[in-house]
Each structure stands twice: as structure tokens, then as C-alpha cells.
Amino acid sequence: MRGTPVKRAIPVVALSIAGLVPVWRYEPSAGGTTVSAARPAPDSAAATATGTVVKGTTVDTEKGPVQVRATFDGDRITAVTMLRQPDHPQTTAAVPVLIAETLKAQSADVDTVSGATVTSDGYRESLQAAIDAKG
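1. Comments concerning the pattern of salt bridges
Under the definition given, this model contains 2 salt bridges. Here D75 and K134 are joined by a salt bridge, their closest N and O atoms 3.4 Å apart. Of the two residues, D75 is situated in the loop between strand 4 (64-73) and strand 5 (76-84) and K134 in helix 3 (residues 117-134); the sequence distance between them amounts to 59 residues. A salt bridge links R124 to D121, with the nearest nitrogen and oxygen atoms 2.4 Å apart. One end of the pair is R124 and the other is D121, both in helix 3 and 3 residues apart, which spans about a single turn. Of the residues examined, R124 reaches a relative accessible area of 19% and is grouped as buried. Taking the relative accessible area as the measure of exposure, D121 reaches 37% and is therefore partly exposed.

As C-alpha cells, this is what we get:
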């Protein structure tokens, strides 16, 4: 006989609990990159030496809020910065891909990054709001 049912159940219960601990401890991030008081992000479109900077709306997702700031030179998107993003490894890996694709496409019409669908959706929505606000 391989062991009594009680002896087999103890490792199963212990491993189940150990597997759930990271889930219980997970807390989504309350915010992304902090903007310093010396250089606050603009509330709407603002002209700067490097172009027009527009902050997109904050999009609340199930993983946490997402917000971007886009810089334009005329109609061309020259930079995108994440102001708020979920604190997730997938999000951290997805942000550079989303920004690179945005600069290539020159629009919010970018593909979803695998493993970061929620962040990708929030990113596109916030970026489109920035593009629309720029006019």
C-alpha cells in the first residue's frame, strides 16, 4: 500500500496553500510613474519647446488605472509616456512594445500585446483620448 489517505492529503493541502499565498498577497499598483512637482504633467494640451504635450484620460481597468501622455510635433506623435500603469510584470514588458508600435503606426491602432490584454486596451483608450484632445 502506498500510504494512507491522510498521509497523501497532507502534501496536497500544503502545496495548495503554498500555491495560493501569492494570489492572496497580490495587490494592484495604485499608480505608475510619479510626476515631480518641478515638472507637472499638463492637464490638457500645452505647447512646449519639443511640441504639444497632451495627457490622455485615466482608464480604470481590472488590473489598475492606465494613463498616457503623448507628445506631438504637428500631427506626428513623437513620444508617449505611461503616467499610470498596473504593477505587473506583463505590463512592464508590454509598455515599450506599445510605445514603439504607436510611434510606428502614428495612431492608437496598435496590436494587443500578448499577456497584457487589459493594459493594451487601457493604453489604446487613453492614447486615443490624447489624440482626440490634441485635435
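2. Focus: helix 2 (residues 89-105)
With 17 residues, helix 2 should cover 24 Å at 1.5 Å per step; its first-to-last C-alpha distance of 25 Å lies within 8% of that length. At V95, helix 2 shows its largest bend, some 25°, and a proline, P96, comes one to four positions later. All of the buried residues in helix 2 are T91, A94, V95, L98, I99 and T102. Looking at the buried residues of helix 2, the elements they touch are strand 5 and helix 3.

3. Things to note about the nonpolar core
One finds V68, V80, M82, L98, Y123 and L127 to be the most contacted residues of the largest nonpolar core, which totals 19 residues. Listed by contribution, the elements that provide at least two residues to this core are strand 4, strand 5, helix 2 and helix 3. Those residues in contact with L127, other than ones at most four positions away along the chain, are V68, A70, V80, T102, S107 and A108.

4. As for the pairing of strand 4
The buried count for strand 4 comes to 9 of 10 residues, which makes it a mostly enclosed element. Pairing between strand 2 (residues 51-55) and strand 4: 4 bridges, direction antiparallel. Within strand 4, the position partnered with K55 by the bridge is R69. Sheet topology note: the strand 3 (residues 59-61)/strand 4 ladder contains 3 bridges and is antiparallel. By the bridge assignment for strand 4, V59 is matched with V66. Here strand 3 hands over to strand 4 after 2 residues, the two strands then running antiparallel side by side. Looking at chain direction, strand 4 and strand 5 are connected through 7 bridges and run antiparallel. Counterpart to F72 in the pairing with strand 5 is I77. Remark: 2 residues form the turn of the hairpin made by strand 4 and strand 5, two consecutive strands paired antiparallel; G74 in that turn has positive phi of roughly 70°.

5. Looking at the confidence of the model for the chain
Confidence along the chain averages 78 in pLDDT terms, with 68% of residues attaining 70 or more. Note on residues 29-45: pLDDT is under 50 here. Beyond four places in sequence and across chains, it has 28 contacts.

6. Re helix 3
The α-helix advances 3.6 residues per turn, and as a result positions three or four apart in sequence lie on the same side. With 18 residues, helix 3 extends 26 Å from end C-alpha to end C-alpha; this agrees with the ideal 26 Å at 1.5 Å per step. Along helix 3, the residues that are buried comprise T119, S120, G122, Y123, R124, S126, L127 and A130. In this structure, the buried residues of helix 3 make contact with strand 2, strand 3, strand 4, strand 5 and helix 2. Downstream of helix 3 by one or two residues, G135 has phi in the positive range, about 80°.

Definitions and cut-offs
Residues numbered from 1 in each chain as written. Predicted model: local features only at pLDDT ≥ 70, side-chain atom pairs only at ≥ 80, totals over all residues. Heavy atoms only, no water. Salt bridge = Lys/Arg side-chain N within 4 Å of Asp/Glu carboxyl O. Helix = DSSP H or I, 4+ residues; strand = E, 2+ residues; numbered from the N terminus. Buried < 20%, exposed > 50% of the residue type's maximum accessible area, 1.4 Å probe, protein only. Expected span 1.5 Å × (residues − 1). Bend = angle between axes of the 7 residues up to and from the residue. Contact = heavy atoms within 4.5 Å. Core = buried A, V, L, I, M, F, W, Y, C linked by side-chain atoms within 4.5 Å. Pairing = 2+ DSSP bridges. pLDDT = per-residue confidence, 0-100.

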